[in-house]
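# Observations on the three-dimensional arrangement
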Amino acid sequence: MRMLISFAALFLSVALLQLSSGGVGPLDALSGIALGFSTAQIGLLGSAHFLGFFIGCWWAPRLMGSVGHSRAFAAFTATGAIGLLSHMLILDPYAWALMRIASGLCVAGCYTVIEAWLQAKVTNETRGRTMGVYRVADMGASLVAQLMIGVLEPASYVSYNLLALLCCAALLPLTLTKVAPPETP
């Protein structure tokens with residue numbers, strides 16, 4: 001139980017990150033429809049997210065090895081927030097695809113950092129419980145993110161700003177925790 005409590009900051013960061021990233025996909029689709037994007041352009045947005053995700057999976061271990069877990073998490077989170085905040089500045093589907101690459105990079109990078117942190121700190125006896133609580137926090141926030149779509153107005157600065165605020169808030173628990181990060185790999 002003590003081990004799970006020591007990971008509370010990580011779990012809260014995951015939940016806040018998932019509230020942000022889990023809402024941007026459906027919001028982009030609805031916003032694209034409202035802005036008159038074609039179905040192919042809306043599909044491009046989803047594909048761009050996964051291109052960013054692929055890049056993030058490749059780059060995250062390298063960045064963690066260079067700067068450590070906390071700084072890598074901060075860099076990936078900043079990338080996601082920039083992508084979210086840029087949406088209402090440029091109303092072009094191809095520019096949005098670049099922004100979705102940034103959000104995919106953020107998600108893959110942040111999750112890689114958090115999962116590496118967890119795996120470095122758990123023991124074989126606590127691994128199952130810890131990862132179970134981690135997945136409950138992750139999937140629970142994903143569910144709430146889907147429910148937020150009902151109140152987020154498509155193609156609205158306020159909606160994207162709210163998601164960016166949640167993304168930035170994910171930095172606070174992880175960077176302010178008193179638990180020491182794992183050794184830099």
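Please read these numbers as outputs of a predicted model, since none were measured by experiment.

### Let's talk about the layout of surface pockets
Of the volumes computed, that of the largest pocket is approximately 280 Å³. Considering the residues around the largest pocket, the lining is formed by 15 residues, among which Gln18, Ser21, Gly22, His49 and Val107 are closest to the centre. If you list the elements that add at least two residues to the lining of the largest pocket, you get α2 (8-34), α3 (39-67), α5 (93-121) and α6 (127-148). Take the lining of the largest pocket: its biggest share by element is 5 residues, from α6. Broken down by class, the residue content of the lining of the largest pocket amounts to 6 nonpolar, 6 polar and 3 charged.

### Describing the packing of aromatic side chains
As enumerated under the stated definition, the model contains 5 aromatic pairs in all. With centroids separated by 5.8 Å and ring planes inclined at 65°, the aromatic side chains of Trp96 and Tyr160 adopt a geometry described as edge-to-face. Of this pair, Trp96 sits in helix α5 while Tyr160 sits in helix α7 (residues 157-169), placing them 64 residues apart in sequence. Taken as a pair, Trp96 and Tyr160 share a single burial class, namely buried.

### Observations regarding the pattern of salt bridges
Within this structure, the stated rule accounts for 2 salt bridges. We note a salt bridge from Arg100 to Asp28, for which the minimum N-O separation is 3.2 Å. You can see Arg100 sitting in helix α5 and its partner Asp28 sitting in helix α2, a full 72 residues away along the chain. Pair check on accessibility: Arg100 and Asp28 agree, each one buried. One salt bridge in this structure joins Asp138 and Arg135, with 2.6 Å as the shortest N-O distance. With Asp138 and Arg135 both in helix α6, this residue pair falls 3 residues apart, about one helical turn. Residue classification places Asp138 among the buried positions, given a relative accessible area of 3%. A relative accessible area of 40% places Arg135 in the partly exposed class.

Definitions and cut-offs
- Residues numbered from 1 in each chain as written.
- Predicted model: local features only at pLDDT ≥ 70, side-chain atom pairs only at ≥ 80, totals over all residues.
- Heavy atoms only, no water.
- 1 Å grid on protein atoms, 1.4 Å probe; cavity = no way out; pocket = protein on both sides within 12 Å on 5 of 7 lines; lining within 4 Å.
- Points joined across faces, edges and corners; volume = space filled by probe spheres on them.
- Helix = DSSP H or I, 4+ residues; strand = E, 2+ residues; numbered from the N terminus.
- Nonpolar A, V, L, I, M, F, W, Y, C, P; charged D, E, K, R; others polar.
- Phe/Tyr/Trp six-rings, centres within 6.5 Å; stacked < 30°, edge-to-face > 60°.
- Buried < 20%, exposed > 50% of the residue type's maximum accessible area, 1.4 Å probe, protein only.
- Salt bridge = Lys/Arg side-chain N within 4 Å of Asp/Glu carboxyl O.

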